[in-house]
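Here is how the chains run, residue by residue.
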Amino acid sequence: MRFVIFTQGCPHNCPGCHNPETHDPTGGKLMDSTEIINMIEQAHLIRGVTFSGGEPFLQANALAKIAIAARRHGLDIVTYTGFLFEKLLERAVTDTKVLALLTNTDILIDGPYKKEERDLRLAFRGSCNQRLIDVPKSLTAGRAITWQDPYLKNFS
Ligand code: SF4
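Residues numbered from 1 in each chain as written. Predicted model: local features only at pLDDT ≥ 70, side-chain atom pairs only at ≥ 80, totals over all residues. Heavy atoms only, no water.

For the rest of this paragraph, the subject is the packing of aromatic side chains. Applying the stated criterion across every chain yields a total of zero aromatic pairs. One residue, Arg91, lies across the ring of Phe83, its end atom 5.3 Å from the ring centre. (Phe/Tyr/Trp six-rings, centres within 6.5 Å; stacked < 30°, edge-to-face > 60°. Lys NZ or Arg CZ within 6 Å of the ring centre and 35° of its normal.)

Attention now goes to helix H3 (residues 85–92). Those residues of H3 lying buried are Phe85, Leu88 and Ala92. Within H3, the buried residues cover an arc of 60° as seen down the axis, which keeps them to one side. (Buried < 20%, exposed > 50% of the residue type's maximum accessible area, 1.4 Å probe, protein only. Helix = DSSP H or I, 4+ residues; strand = E, 2+ residues; numbered from the N terminus. Arc of directions from axis to C-beta.)

Look at H3 against helix H4 (residues 96–103): their axes get within 7 Å of each other, and the N-to-C directions meet at 130°. Taken together, the axis directions place H3 and H4 in an arrangement best described as oblique. At the point where H3 passes H4, the crossing takes the left-handed sense. Two secondary-structure elements touch here, H3 through Phe85, Leu88, Leu89, Arg91 and Ala92 and H4 through Val98, Leu99 and Leu102. Its residues assigned to classes, the contact of H3 with H4 comprises seven nonpolar, no polar and one charged. (Axes fitted to C-alpha atoms, helices over the stretch in contact; angles between N-to-C directions. Parallel < 35°, antiparallel > 145°, perpendicular 65-115°, else oblique. Left-handed = near helix turned anticlockwise from the far one by under 90°. Contact = heavy atoms within 4.5 Å. Nonpolar A, V, L, I, M, F, W, Y, C, P; charged D, E, K, R; others polar.)

On to the pairing of strand E1 (residues 2–6), then. Here E1 shows a clear split, with Phe3 and Ile5 buried on one side and none of Arg2, Val4 and Phe6 buried on the other. In this sheet, strand E2 (residues 48–52) lies alongside E1 in parallel orientation, the contact comprising five bridges. Across the sheet, the residue bridging to Phe3 is Val49, located in E2. With helix H1 (residues 33–42) bridging E1 and its parallel neighbour E2, the resulting β-α-β unit is right-handed. (Pairing = 2+ DSSP bridges. Right-handed = clockwise from strand over helix to strand, strands pointing away.)

Okay, the site of the ligand next. In the vicinity of the ligand, the contacting residues are Cys10, His12, Asn13, Cys14, Cys17, His23, Gly53, Gly54, Gly82 and Tyr113. Partitioning the shell around the ligand into residue classes produces four nonpolar, six polar and no charged. (Near = heavy atom within 4 Å.)

With respect to the helices, strands and loops of the structure, Pro20 is situated in the loop between E1 and H1. Take Pro20: its relative accessible area is 47%, and that puts it in the partly exposed class. Between the C-alpha atom of Pro20 and that of Met1, which follows or precedes it by 19 residues, the distance is 24 Å.

Moving on, we get to the sheet that holds strand E3 (residues 76–80). As summarised here, the arrangement of the five strands in space is E1-E2-E3-E4-E5, forming an open sheet in which the pairing is mixed. Looking along the sheet, the strands with just one partner apiece sit at the ends: E1 and strand E5 (131–134). Strand-to-strand, the axes of this sheet are offset by a mean angle of 20°, without reference to chain direction.

Mapped onto the elements, Gln130 comes out in the loop between strand E4 (107–110) and E5. Of note is the side chain of Gln130, whose polar atom sits 3.1 Å from the backbone nitrogen of Gly126. With residues near it in sequence (within four places) discarded, Gln130 still touches Asp110, Gly111, Pro112, Tyr113 and Arg125. (Polar contact = N/O pair within 3.5 Å; in protein donor to acceptor, adjacent residues only side chain to side chain.)

The next point concerns the packing of H1 against helix H2 (residues 60–72). Remark: H1 packs on H2, axes separated minimally by 10 Å, with the N-to-C direction vectors making an angle of 30°. As the angle between them shows, H1 and H2 are arranged roughly parallel. Of the two elements, H1 crosses H2, and the hand of that crossing is right-handed. Contacts from Ser33, Thr34, Ile36, Ile37 and Ile40 of H1 reach H2 at Ala62, Lys65, Ile66, Ala69 and Ala70.

Right, here's the structure in full:
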């Protein structure tokens, strides 16, 4: 069980997106990160926190703050993004907010949804181009290293 935050605003416009209501940056419900952290701290049955969207990296600073607080409670962090890991790595050199969210993410699911590569057999993602990336290992290596859930590897 996970606590999932759907961030508002997305610039990617993937045809066939499952969450088109999250694209408008002026939509959604404004919430303070401290309020969200309090909600996470009261959710005792969860194993981790997932940042979905929308595009989470548009709000990287606030999400990094939430991720740091959640990790203090032993929770893992999964972040979805329409950007490629390599692009984020490049941006992280000059953008400390991007670096903060990357370094506080355990698993990154990257790349835009491509409806022509849609595959319902995939775990946690919609299209074949999207990758499950082990972020700590990838940051150390300086390149994307795939993460595989030991319980689901036969299905991905
Ligand atoms: S990145 Fe995600 S939320 Fe944004 S348009 Fe693509 S599928 Fe939709």
